[in-house]
Amino acid sequence: IKQKKRHMGDTKHFCPVSLKENFVLYPGLQEYAAKYKEKIYYFSTSEYRDKFLKNPEEYVAHNEPLQAPPLRVCLLGIHGAGKTTCAREITDKLGIFHIQFEEYLQELILPKTKRKVGPSSDEDHEDDNKIPEELEDFSQTITKTETEKTKQEVELTGEEEAIKANLMDNTELPPEVLDKIVPDWWKKEPFRSTGFILDGFPRTSDEASYLSERGLCPDVAVYIQVEEGDILNRLFPPRLKKWKDKQLKKREYKKKLKELKAKQRV
């Protein structure tokens, strides 16, 4: 028995109300279907179906086809997989935005912290202000004053504290903080009409659920899988070089301090 061919609406199996109001291609469900002018439309929720039936002409094509949203990609993978390198090449070719999630979080609190925070950033700064033992007596008062001044300057809000904890210890960001960051990339210009590659988000199943619950659907989610040995070969040489350079600078610094101390004695 041949089944009668279904005539799909302008948005095919995507919800026309989500497209019109949120500029997102959100898959519709058969249980939320409706028929209008001999065409079948699927909706993401029963509320959106009811909204469509009240004023269907607002959500269907007229003189021109409905405009599709731009490309939105979530690029995932472990640290060192090459996400940022790939994202930069793709964004250059497609003319869309590259959003590096961790870097974006750093920029939000950088005006107060004055430098990047997190394990990798701490490695870069752990010895920057370390006082050699031979000059502790001379610098104790100055160091104490500078520390008190720094504490006075850095007063983070609750939202900023949550971002800092995420960068330092991978503490999960609460939905109320994500609400102030993530939806703008789907709903506000220039991202809304241009598209983007979101590098490094979502990172957990809860963050993926957050996107789904908010109706923030990427068109593509790409996971870059790399062997551990390849990542080790990629990350270890530059880190070893950085460590050697740091040790060399420390030796030169101590040498200069020793010479300075000798001059003071004279």
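Rules used throughout
- Residues numbered from 1 in each chain as written.
- Predicted model: local features only at pLDDT ≥ 70, side-chain atom pairs only at ≥ 80, totals over all residues.
- Heavy atoms only, no water.
- Helix = DSSP H or I, 4+ residues; strand = E, 2+ residues; numbered from the N terminus.
- Buried < 20%, exposed > 50% of the residue type's maximum accessible area, 1.4 Å probe, protein only.
- Phe/Tyr/Trp six-rings, centres within 6.5 Å; stacked < 30°, edge-to-face > 60°.
- Salt bridge = Lys/Arg side-chain N within 4 Å of Asp/Glu carboxyl O.
- Pairing = 2+ DSSP bridges.
- Axes fitted to C-alpha atoms, helices over the stretch in contact; angles between N-to-C directions.
- Parallel < 35°, antiparallel > 145°, perpendicular 65-115°, else oblique.
- Left-handed = near helix turned anticlockwise from the far one by under 90°.
- Contact = heavy atoms within 4.5 Å.
- Nonpolar A, V, L, I, M, F, W, Y, C, P; charged D, E, K, R; others polar.
- pLDDT = per-residue confidence, 0-100.

If you check an unreviewed UniProt entry, the protein chain appears there as KAD9 kinase from Vidua chalybeata.

Visitor: Looking at this structure, how should I read unusual backbone geometry?
Guide: E189 connects to P190 through a cis peptide bond whose omega is 5 degrees. Cis geometry is adopted by the peptide bond preceding P202, which originates at F201 and carries an omega value of 0 degrees. Relative to the assigned elements, P202 resides in the loop between β5 (196-199) and α11 (205-213). Positioned with a positive phi, F23 is a non-glycine residue whose angle comes to about 55 degrees. Relative to the elements of secondary structure, F23 occurs in the loop between α1 (16-22) and β1 (29-36). Phi is positive for N170, which is not a glycine, with a value near 60 degrees. On the basis of relative accessible area, N170 is assigned to the exposed category, the value being 65%.

Visitor: How should I be thinking about the packing of aromatic side chains in this particular structure?
Guide: Centre-to-centre distance and the angle between the planes together describe a pair of aromatic rings. Counted according to the given criterion, the structure contains nine aromatic pairs. Aromatic side chains Y104 and W185 sit 5.2 Å apart centroid to centroid with 80 degrees between the ring planes, which places their arrangement in the edge-to-face category. Highlighted residues: Y104 in helix α4 (residues 101-113) and W185 in helix α9 (residues 183-187), separated in sequence by 81 residues. Relative accessible area serves as the criterion here: at 2%, W185 is assigned to the buried category. Measuring from centroid to centroid gives 5.0 Å for W186 and F196, while their planes differ by 80 degrees, and the two rings are edge-to-face. Taken together, the residues span a long stretch of sequence, with W186 in helix α9 and F196 in strand β5 at a distance of ten residues. The pair W186 / F196 is uniform in exposure class, with both members buried. A network of ring pairs unites the aromatic residues Y36, Y41, F43, F52 and Y59 as a single cluster.

Visitor: Please explain the pattern of salt bridges as it appears in this structure.
Guide: Any two side chains of opposite charge can pair, given that their charged atoms come close. Using the criterion set out here, one finds twelve salt bridges in the structure. For E38, the salt bridge goes to K35, with nearest N and O atoms at 3.6 Å. Between E213 and R214 there is a salt bridge, and its shortest N-O distance comes to 3.9 Å. Under the relative-accessibility criterion, E213 is labelled exposed at 62%. For R214, a relative accessible area of 33% gives the class partly exposed. What emerges from the salt-bridge pattern is a single network uniting D179, E213 and R214.

Visitor: Help me understand the sheet that holds strand β3 (residues 72-76) in this model?
Guide: Backbone-to-backbone hydrogen bonds join strands into a sheet, with any given pair of strands oriented parallel or antiparallel. Within the open sheet, the four strands sit side by side as β4-β5-β3-β6. Their pairing is parallel. Of all strands in the sheet, those with a lone pairing partner are β4 (97-100) and β6 (220-223), marking the two edges. On average, each strand axis in the sheet is inclined to that of its neighbour by 20 degrees, with strand direction left out of account. In terms of strand pairing, β4 meets β5 through four bridges, oriented parallel. Bridge pairing in β5 links I99 to L198.

Visitor: Could you clarify how one ought to interpret the packing of α4 against helix α7 (residues 158-169) in this entry?
Guide: For any two helices packed against each other, one specifies the crossing angle of their axes together with the interaxial distance. At a minimum axis separation of 10 Å, α4 and α7 run at an interaxial angle of 130 degrees. Judged by the angle between their axes, α4 and α7 are oblique. When the axes of α4 and α7 are compared, the crossing they make is left-handed. Here E102, L105, Q106, L108, I109 and K112 of α4 lie close against α7, whose contacting residues are E160, I163, K164, N166 and L167. Looking at the contact of α4 with α7 residue by residue, the class counts come to five nonpolar, two polar and four charged.

Visitor: I would appreciate a short explanation of the confidence of the model for the protein chain in the present structure.
Guide: Atom-level detail of predicted coordinates should not be read off regions where pLDDT is low. Confidence in the prediction for the protein chain averages 84 pLDDT; 84% of positions are at 70 or higher. By mean pLDDT, helix α6 (residues 136-153) is the weakest element of the protein chain at 50, and β4 is the strongest at 97. Segment residues 131-143 is flagged for pLDDT under 50; beyond a separation of four residues in sequence, or across chains, it makes seven contacts in the model.

Visitor: Would you mind showing me how to read the pairing of β3 here?
Guide: Of all the five residues making up β3, five are buried; the element is thus mostly covered by neighbouring parts of the structure. The alternating pattern of β3 places R72, C74 and L76 on one face and V73 and L75 on the opposite face, and all of these are buried. In this structure, β3 lies alongside β5, joined through four bridges in parallel fashion. Residue pairing for β5: L75 is matched across the bridge by D199. Across four bridges, the pairing between β3 and β6 is parallel. In the strand pairing of β6, L75 is matched with V222.

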